[in-house]
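Examination of the molecular architecture
What follows is each chain in one-letter form.
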Amino acid sequence: MRPADPAAPAFVQLAAHPLRWKLLTELAASDYRVRELVERTGQPQNLISYHLRLLRGSGLVTARRSSHDARDSYYHLDVQQCAQALARMGSALHPALAFSPAPSPSLPQTARRPAVLFACTGNSARSPIAEALLRHRTNGQVEVTSAGSHPKPRLHPDAVQVLREQHGIDISGQRPRHLDTLNDRWFDYVITLCDKVREVCPDFGGNPRLVHWSIPDPAAAAGPGPTGRPAFVRTAAQIDTRIRYLLPLLTPVPQEVQP
């Protein structure tokens, strides 16, 4: 009796559907709400919600309530889970097809450094953590800054301590800044890290690529003192993972387009 043909890996079965592939590619660029995915795909909401449920069931996509409007949810593609699924798929086909991580970009000296802005509300935890980690991982090859719509008087001490202890980065001398102080700056990427600031982030020159990372405020989830620090450790780890997958997208900008 002939043995049954092996089923295609789960990732192949999920990604092979045209609409699910479209959702995966959209969420690979940014976190989105359902109504935004409806606009970007041109498909009805009930169909989008159905396929998002399948992607969530596979662990490739997660959802969290918006901190701006709790009636909304932001959907996020877990790129690390996708990488692992692709590695398993390649290995199932042939051992030589295992995937290896993409190297960090190295920018030629003749290029202008890409400019990235990270924004959150208080500019005291999430956005300065992202700024510090991107600068650290690119060895200064990216021009990176952070700001907030309602900046706090100082950085959160747990953000400072976690960066120092977990990543060897000292930002103790940094102070929160307002988004309005950057009105004359041009950016290639503007990345919002909280749902509230996404709604009020000003327009910047240079037609930047707008990206949203829906990340909860660790200060809101944390208690006082050392008992609250695990929330900052988790947030820094989450941001660091997103930054590692952002790196291959940061390409040099030719000098002639510099404003």
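What counts and how
- Residues numbered from 1 in each chain as written.
- Predicted model: local features only at pLDDT ≥ 70, side-chain atom pairs only at ≥ 80, totals over all residues.
- Heavy atoms only, no water.
- Pairing = 2+ DSSP bridges.
- Helix = DSSP H or I, 4+ residues; strand = E, 2+ residues; numbered from the N terminus.
- Contact = heavy atoms within 4.5 Å.
- Axes fitted to C-alpha atoms, helices over the stretch in contact; angles between N-to-C directions.
- Buried < 20%, exposed > 50% of the residue type's maximum accessible area, 1.4 Å probe, protein only.
- Patch = residues over 30% accessible without salt bridge, like charges linked within 9 Å, V, L, I, M, F, W, Y side chains within 5 Å.
- Areas by Shrake-Rupley, 256 points an atom, 1.4 Å probe, with all protein chains shown as cover.
- Salt bridge = Lys/Arg side-chain N within 4 Å of Asp/Glu carboxyl O.
- Core = buried A, V, L, I, M, F, W, Y, C linked by side-chain atoms within 4.5 Å.
- Parallel < 35°, antiparallel > 145°, perpendicular 65-115°, else oblique.
- Nonpolar A, V, L, I, M, F, W, Y, C, P; charged D, E, K, R; others polar.
- Polar contact = N/O pair within 3.5 Å; in protein donor to acceptor, adjacent residues only side chain to side chain.

A word on the sheet that holds strand β2 (residues 61–65). Across the sheet, 3 strands lie side by side as β1-β3-β2; this open sheet has antiparallel pairing. Both edges of this open sheet fall to β1 (32–33) and β2, since each of them pairs with a single strand only. Note: β1 against strand β3 (residues 73–77), 2 bridges, orientation antiparallel. Note on β3: the bridge partner recorded for Arg-33 is Tyr-74. With respect to the sheet, helix α2 (residues 18–29) is in contact with β1, β2 and β3, its orientation differing from that of β3 by roughly 95°.

Let us now look at the pairing of strand β7 (residues 189–192). In summary, the side chains of a regular strand alternate between the two faces of the sheet. By the alternation rule, side chains of β7 split into Tyr-189 and Ile-191 and Val-190 and Thr-192, which are all buried. Here 4 bridges tie strand β5 (residues 115–120) to β7, and the two strands are oriented parallel to one another. The residue of β7 that forms the bridge with Val-116 is Tyr-189. Of the pairings in the sheet, the one linking β7 to strand β8 (residues 209–212) comprises 4 bridges and is parallel in character. For Tyr-189, the partnering residue across the bridge sits in β8 and is Arg-209.

To continue, consider the sheet that holds β8. Through backbone hydrogen bonds, the strands of a sheet pair up, either in parallel or in antiparallel fashion. The strand order across the open sheet formed by 4 strands is β6-β5-β7-β8, and the pairing between neighbours is parallel. Taken across any chain shown, the strands that pair with only one partner, and hence form the sheet edges, are β6 (143–148) and β8. When strand polarity is set aside, the average angle formed by the axes of neighbouring strands in this sheet is 20°.

A surface patch of nonpolar side chains, amounting to about 230 Å² of accessible area, comprises Leu-47, Tyr-50 and Leu-54. Secondary-structure assignment places Leu-47 in helix α4 (residues 45–57). Relative accessible area serves as the criterion here: at 30%, Leu-47 is assigned to the partly exposed category.

Core analysis: the biggest nonpolar cluster contains 30 residues, and Phe-118, Leu-134, Ile-191, Trp-213 and Ile-243 have the highest contact counts within it. Elements supplying a minimum of two residues to this core: β5, α6 (126–138), α7 (157–167), β7 and α10 (229–246). When residues no more than four places from it in sequence are discounted, the contact partners of Ile-191 are Val-116, Leu-117, Phe-118, Ala-119, Val-211, Trp-213 and Leu-246. The next biggest cluster of nonpolar side chains, apart from the first, holds 19 residues, and it includes Phe-11, Leu-14, Leu-27 and Val-34.

A few words now on the packing of helix α5 (residues 79–93) against α10. The contact between α5 and α10 brings their axes to 10 Å, and the two run at 60°. Taken together, the axis directions place α5 and α10 in an arrangement best described as oblique. Contact residues: α5 offers Val-79, Gln-80 and Ala-83, while α10 offers Thr-241, Arg-244 and Tyr-245. By residue class, the composition of the contact of α5 with α10 is 3 nonpolar, 2 polar and 1 charged.

What follows is about the environment of Arg-175. Tracing the backbone shows Arg-175 in the loop between α7 and β7. For the pair formed by Arg-175 and Arg-154, sequence separation is 21 residues and the distance between their alpha carbons is 5.7 Å. Excluding residues that lie within four positions of it along the chain, Arg-175 makes contacts with Asn-123 and Pro-153. One polar contact links the side chain of Arg-175 to the main-chain carbonyl oxygen of Ser-172, over a distance of 3.2 Å.

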